[in-house]
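# Coordinate inspection notes
Chain by chain, the residues:
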Amino acid sequence: MFSFIKVGVAAGKAPYGVAKKDDVNANMNRMRDTVESACGVVNDTRNKLIERGQKLGEVEIASKQMSERAEEFASLPHKVMLKQKQKAE
């Protein structure tokens, strides 16, 4: 009746163009592993970017503090000079 199908089945092979279940499962597992790996890389990158942002924020705060202290230090000689002038008078 359907002799052309029996030839492929009798030989233990799927007809041409039909994927075996094992091949499909193997491909799915490879794709799943690839996606999981990519997700891991994306999450690591995201965490590193967040950490970098925090460090940049800390550096910005420290830089502002140093700038304020530098301004105070720069004005100190002028204040000392004025005090010395007042004492001399």
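Since this is a predicted model, take the numbers as computed values, not measurements.

All right, on to helix α2 (residues 21-88) then. Turn by turn, an α-helix covers 3.6 residues, leaving residues three or four places apart pointing in a common direction. The terminal C-alpha atoms of α2, which comprises 68 residues, lie 101 Å apart, in line with the 100 Å expected from a rise of 1.5 Å per residue. Within α2, the axis deviates most sharply at Leu76, by approximately 30 degrees, and proline Pro77 lies no more than four positions further along.

For the coordinates displayed, the defined rule picks out 2 salt bridges. In this structure, Lys55 and Glu51 form a salt bridge, with 3.2 Å as the shortest nitrogen-oxygen distance. Of this pair, Lys55 and Glu51 are both found in helix α2, 4 residues apart, which corresponds to roughly one turn of the helix. Since its relative accessible area comes to 40%, Glu51 is described here as partly exposed. Lys64 is paired through a salt bridge with Glu60; the nearest N and O atoms lie 3.8 Å apart. Linking Lys64 with Glu60, this pair stays in helix α2, spanning 4 residues, or about one helical turn. Judged by relative accessible area, which is 45%, Glu60 ranks as partly exposed.

About the criteria used
- The numbering scheme is per chain: residues are counted from 1 as the chain's sequence reads.
- Two thresholds apply to this predicted model, a pLDDT of at least 70 for residue-level local features and 80 or more for giving and counting side-chain atom pairs, whereas whole-chain, interface and lining totals are computed over all residues.
- Only hydrogens and water are set aside; all other atoms, that is, all heavy atoms of the structure, feed into the side-chain values.
- In this text, helices come from DSSP runs of H or I with a minimum length of four residues, and strands from runs of E with a minimum of two, each type numbered from the N-terminal end.
- How far a helix is expected to stretch is found by multiplying one less than its residue total by 1.5 Å.
- Take the seven residues that end at a residue and the seven that start at it, fit an axis to each, and the angle between those axes is the bend at that residue.
- Whenever a carboxyl oxygen of Asp or Glu lies within 4 Å of a side-chain nitrogen of Lys or Arg, that contact is scored as a salt bridge.
- Any residue under 20% of the maximum accessible area for its type is buried, any over 50% is exposed, and the rest in between are partly exposed; the area is computed with a 1.4 Å probe on protein chains only.

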